Structures are given as C-alpha cells and as structure tokens.
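Residue-level listing of the chains:
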Amino acid sequence: LEPGPKAVMITLNGYACQRRTPLQHHNTVLTEALLVLAENAEFCEDEGRNIAFKRAVSVLKALPQAVRKMGDLQGLPCLGEHSQRVIKEILEDGKSREVETTLQSEQYQAMKSLTGIFGVGVKTADRWFREGLQQPSDVARSGQRLNHAQQAGLQYYNDLNTPVTKAEADVISRIVEGVVQEVLPGAEITLTGGFRRGKQTGHDVDFLISHPEEGREEGLLPKVVSLLETQGLLLYQKTTRNSYLETKEGPARPPSNMDRFERCFSIFKLERPRHSTSPEEPPQAACEESPRGEDSALEQLAGERQDWKAVRVDLVVTPVSQFAFALLGWTGSQLFERELRRWAGQEKNMSLSSHALFDNKRKQYLRASSEEEIFAHLGLEYIPPCERNA
Ligand code: CTP
Ligand code: MN
Ligand code: MN
Ligand code: MN
C-alpha cells in the first residue's frame, strides 16, 4: 500500500501575540472576504463582530498553507460559526453572497469613502450618510462644518488615499532625521508602524523620537514642527502634549488604546522625484517617459498634476525609559497590539500600554529596555516585527 498524503493537523495558539504572522500568506481570497465583513461591522459600530472577524482573519494569515476544505480548519482557534459559513461558501462557490452584497451596498460604499477622509471617523461618516452624503465631493458641496483635520482630509483626499511607498517613507525619514538633529543633536528617530513590519506600502509613516538621556526629549516636538513649517514641509499638523503620569497604584487611568505621548499627527508636503535621471532635462522629456504620458500631460494642462504629494506622518516623542514600550506599541499591527494587551490582562493580571507594563498583583512596574524583555515579562516567545502582521 502506498502511503497516502498524511493529514497534518495544524495547531495554532489562541492569542495572535502567541503566533507568527508573516506579511505574505496563503489565504488572501478568504482573508480579503472576511475583512470586508469586519470593516462593515466597524461601520455598523458592532465592535464585537468587527474583532471576531479580524481574529478569524489573523488565524488564516498564520496558516502555513492554503485552506482547501473545511476539514483543514479543524482544531483552529477563533473561527466562529459565521466566519466558517463564509469560508465554506467561498471554498464551494468561489465567492460569498454576503460579501458580494456588502460590497455592493450603498451604505458600505459610502462609509468606505467617507471614513477614507482623514479626520473622519465612523460616527461622523454615519451621520453624513444618513443626511444623504455619499462621497467626499458631496461633503465639500454640502457646507458641513469641518474641523481643520477634516478640511485637510478633503483637500488632499486623493493623495492621502494613494499608498505611501517604502521609498517615500525613506525620503521622509531623512527629512525628519535632519530636522531632529538640527533641533537636538544626539536625538534618535525610529521608523515604526507597518514599514517596521516589512510592509512595502502604508497609509502613513510612523516615527518615534527619543534621546538616550532621559528628559532631553522634553519640549523637542514643537521645535521640530516649527522648523518643518519654516521649511514649507507641512500641509497640516496637530501637536498634542504629553499627559502621561505614573502612580504607585499603577497607570493613572485604566489603560486605553490611546497613549499619552507628546505627538504630532501631520501631513507632509513631499516633493515628487523627477522622472528623468538628469535634472537638466526639460519637463516635456520627463513627461514623454512617463508610462501614461498622454494622461499626465492632460493633467498638467488642467493644472491638476502637482510636483508634490501629501503624505500622512505621525511623530511620537518618548522618554528613553519608555522607549521599548512605545516601540512595541507603535509597531502594530493593531490586532497584534490588542491581543498583547488582552494576553497581559487575562492571562497575566498585568496592564500593558505603550508607556509601561504594570503587574497588578505585585503592584509594581516591570521595566524593560528592549521588546525582547517585554515579551519575557509577559511569558511570551519573542515575535519579531515582520511576524506581527496579525
Ligand atoms: N497607534 C497608537 N495610537 C494611535 C494610532 C496608532 O498606538 N493613536 C498604533 C497602532 O496600534 C499601531 C501603530 O500605532 O500599532 C501604527 O498605526 P497605523 O499607522 O494606524 O497602522 P500601520 O500598522 O502602520 O498600518 P499602515 O501601514 O496602513 O499605516
Ligand atoms: Mn478616518
Ligand atoms: Mn502606519
Ligand atoms: Mn500612524
């Protein structure tokens, strides 16, 4: 008898922070479908369903091979009845009716494009949708009262919905590095967020700024921002001061998702690289070389093509004593972070934030100067950034 292919049952741990989740995986058809339902649940402010679908997605991302039949899912955590139903339909028919219907629904489409406006969350988008607005141009025409973030969000809508490339992130890194050095020599910047996890594109660029000597980072950000502004590099910025306080009883407030670092949510004005290698070449030559030369020319004639791109940038300042926690907290993914905090609370009776780790039983802070130490405090195997794409 020929030995048939062995049925290997894959086992995965229940928390995303106990699993290795690479960027590239084998189940994108399934995860993309389930993410539509997760997103739709978010639009309906159903957080329970949103998180349930996201957990299911993260389990599929961690699988070493493609799911071919329902039996492949046996023993896996986080796959609820609803997710399984969707998966089954896709395995059998190639698509899910619920996902198709959602994608075509007016509400989903409107919420998607309205929440795509920087500064617009689900609540605002939902109110606008119920007032009959469906897309950014409707908002612009409607004469809604908009805050500064939303005004910028509308103004730069197209750029801000065009993925930021790693190359663009690197250019911004050099700009930020230069300005930070000028303001405080010896300060250090670290690229975090999706790019630290190995992504090739992102919706923004995230940086941590710190100084090896505790306290030297204080007051740094307003100076950095004003220098960036002087150089004409900012289209929008909102700076918030540090409001973090430690007490003997632990973190001053129950740890929320939002940290309390000094930070700046900004929009950079990034020069577009010229198409030609020689800076002497006239613009027409560059235009002819572009892959969609005619369209580009038309855009230029219409005055629509700018020689710069608006890019979202987050700057966060951390005292060096909190750096490891800030790095772990700002590297993401969002689900990975959420699962780390859930693990800490439910399994270890600890409170984890981007500032600190507090042991609720022993009533003491657990210090750390590296991400590895934090994982160790939490009793977790270390997961490198590129495997935190839960
Ligand atoms: N984050 C946070 N507080 C915020 C915003 C973000 O702690 N107010 C954290 C998120 O939890 C995430 C990280 O910062 O872990 C990066 O967030 P974000 O830029 O939104 O996501 P990315 O993973 O970088 O994805 P993208 O590439 O689309 O930017
Ligand atoms: Mn938004
Ligand atoms: Mn990011
Ligand atoms: Mn960000």
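Up top is the structure these notes are about.
These figures come from a predicted structure and were not determined experimentally. (Residues numbered from 1 in each chain as written. Chains lettered and ligands numbered in written order. Predicted model: local features only at pLDDT ≥ 70, side-chain atom pairs only at ≥ 80, totals over all residues. Heavy atoms only, no water.)

Student: Even after reading the chapter, I still don't get the pattern of salt bridges, so can you show me in this structure?
Tutor: A pair can form between side chains of opposite charge whenever their charged atoms are brought close. Evaluation of the coordinates by the stated rule reveals 25 salt bridges. Salt-bridge contacts for Glu45 lead to Lys123; the nearest nitrogen and oxygen are separated by 3.1 Å. Taken together, the residues Glu45 in the loop between α1 (28-43) and α2 (47-61) and Lys123 in helix α6 (residues 122-130) connect sequence positions 78 residues apart. You can call Glu45 partly exposed: its relative accessible area is 45%. Across the pair Arg263 and Asp259 runs a salt bridge, and its minimum N-O distance is 2.6 Å. A residue is classified by how much of its surface remains accessible, and Asp259, at 11% relative accessible area, is buried. The structure contains a network of salt bridges with shared partners spanning Arg20, Glu381 and Glu387. (Salt bridge = Lys/Arg side-chain N within 4 Å of Asp/Glu carboxyl O. Helix = DSSP H or I, 4+ residues; strand = E, 2+ residues; numbered from the N terminus. Buried < 20%, exposed > 50% of the residue type's maximum accessible area, 1.4 Å probe, protein only.)

Student: What's the story with the coordination of the manganese ion (ligand 4) in this structure? I'm lost.
Tutor: Six octahedral donors around a metal ideally make angles of 90 or 180 degrees; four tetrahedral donors ideally make 109.5 degrees. Within the protein, the manganese ion (ligand 4) binds to Asp204 (OD), Asp206 (OD) and Asp314 (OD); these donor distances fall in the range 2.1 to 2.3 Å. A gap of 3.6 Å separates the manganese ion (ligand 4) and the manganese ion (ligand 3), which Asp204 links by coordinating each metal. Summarising the burial analysis for this pair, Asp204 and Asp206 share the class buried. (Donors = N, O, S within 2.8 Å, 3.2 Å for Na, K, Ca; no water.)

Student: Hey, could you run me through the site of ligand 1 in this one?
Tutor: Neighbouring residues of ligand 1: 17 residues in total, closest Gly194, Arg197, His203, Asp204 and Gly332. In the environment of ligand 1, an oxygen atom lies 2.7 Å from a nitrogen or oxygen atom belonging to the side chain of His203. At 2.7 Å, a side-chain N or O of Asp204 approaches an oxygen atom of ligand 1. When contributions to the shell around ligand 1 are tallied by element, the ones reaching two or more residues are α11 (193-196), β8 (262-271), α15 (323-331) and α16 (334-348). Split by residue class, the shell around ligand 1 holds three nonpolar, seven polar and seven charged. (Near = heavy atom within 4 Å. Polar contact = N/O pair within 3.5 Å; in protein donor to acceptor, adjacent residues only side chain to side chain. Nonpolar A, V, L, I, M, F, W, Y, C, P; charged D, E, K, R; others polar.)

Student: What am I meant to see in the coordination of the manganese ion (ligand 2) here?
Tutor: For the manganese ion (ligand 2), every protein donor is listed as Thr115 (O) and Val120 (O), and the spread of their distances is 2.5 to 2.6 Å. Look at Val120 and you get buried, because its relative accessible area is 7%.

Student: Just to check I follow, could you spell out the side chain of Asn40 for this structure?
Tutor: Tracing the backbone shows Asn40 in helix α1. Excluding residues within four positions of it along the chain, Asn40 makes contact with Thr102 and Tyr108. (Contact = heavy atoms within 4.5 Å.)

Student: Even after reading the chapter, I still don't get the packing of α2 against helix α3 (residues 81-93), so can you show me in this structure?
Tutor: One way to put it is that α2 packs onto α3 with a least axis distance of 10 Å and a crossing angle of 55°. The angle between the axes of α2 and α3 places the two elements in the oblique class. Judged by the twist between their axes, the crossing of α2 over α3 is right-handed. Two secondary-structure elements touch here, α2 through Arg49, Phe53, Ala56 and Leu60 and α3 through His82, Ser83 and Ile87. (Axes fitted to C-alpha atoms, helices over the stretch in contact; angles between N-to-C directions. Parallel < 35°, antiparallel > 145°, perpendicular 65-115°, else oblique. Left-handed = near helix turned anticlockwise from the far one by under 90°.)

Student: Help me understand helix α5 (residues 106-115) in this model?
Tutor: A turn of α-helix holds 3.6 residues, and therefore any two residues three or four places apart point the same way. Within α5, burial applies to Tyr108, Ala110, Met111, Ser113 and Leu114. Considering only its buried residues, α5 is in contact with α1, α4 (97-104), α6, α7 (136-142) and α9 (157-160).

Student: It is not clear to me how the packing of aromatic side chains should be interpreted in this structure. Could you clarify?
Tutor: The relation between two aromatic rings is expressed through the spacing of the ring centres and the mutual angle of the planes. Using the criterion set out here, one finds seven aromatic pairs in the structure. For the pair Phe118 and Tyr236, a centre-to-centre distance of 5.4 Å together with 80° between the ring planes defines the contact as edge-to-face. Separated by 118 residues along the polypeptide, Phe118 in the loop between α5 and α6 and Tyr236 in strand β5 (residues 234-240) bring together distant segments of the chain. When its relative accessible area of 17% is taken as the criterion, Phe118 is described as buried. Seen from their ring centres, Phe336 and Phe375 are 6.4 Å apart, and the 50° between their planes marks the pair as tilted. Residue Phe336 is located in helix α16, and its partner Phe375 is located in helix α17 (residues 371-377); the two are separated by 39 residues in the primary sequence. The burial state of Phe336 is the same as that of Phe375; both residues are buried. An aromatic cluster of at least three residues, connected via ring pairs, comprises Phe336, Phe375 and Tyr382. (Phe/Tyr/Trp six-rings, centres within 6.5 Å; stacked < 30°, edge-to-face > 60°.)

Student: What should I look at first to understand α2 in this one?
Tutor: The end-to-end C-alpha distance of α2, which contains 15 residues, comes to 21 Å, matching closely the 21 Å that a straight helix rising 1.5 Å per residue would cover. Listed in full, the buried residues belonging to α2 are Asn50, Ile51, Phe53, Arg55, Ala56, Val57, Ser58, Val59, Leu60 and Lys61. Elements that come into contact with the buried residues of α2 comprise α1, α3 and α16. (Expected span 1.5 Å × (residues − 1).)

Student: Got a minute to help me understand the packing of α1 against α4 in this structure?
Tutor: Packed helix pairs are specified by the crossing angle of their axes together with the interaxial distance, meaning the distance between the axes. Two elements in contact, α1 and α4, have axes whose closest approach is 9 Å; the angle formed by their N-to-C orientations is 55°. Here α4 runs oblique to α1, going by the angle between their axes. Crossing handedness for the pair α1 and α4: left-handed. Between α1 and α4, the contacting residues are Ala33, Val36, Leu37 and Asn40 on the first element and Glu98, Val99, Thr102 and Leu103 on the second.

Student: What should I look at first to understand the sheet that holds strand β9 (residues 308-317) in this one?
Tutor: Pairing between the strands of a sheet is mediated by backbone hydrogen bonds and can be parallel or antiparallel. An order of β2-β4-β9-β8-β5 is seen for the five strands of this open sheet, with the pairing classed as mixed. Edge positions in the sheet fall to β2 (188-191) and β5, since each has one partner strand and no second. Between one strand and the next, the sheet's axes are offset by a mean angle of 25°, whatever the strand orientation. Bridge analysis of strand β4 (residues 205-210) against β9 gives five bridges, and the strand direction is parallel. Within β9, the residue paired with Val205 across the bridge is Val313. (Pairing = 2+ DSSP bridges.)

Student: What exactly am I supposed to notice about unusual backbone geometry here?
Tutor: Note: most residues except glycine have negative phi, and most peptide bonds are trans. Cis peptide bonds are those with omega within 30 degrees of zero, and the linkage from Gly332 to Ser333 qualifies with -10°. Along the chain, the position of Ser333 falls in the loop between α15 and α16.

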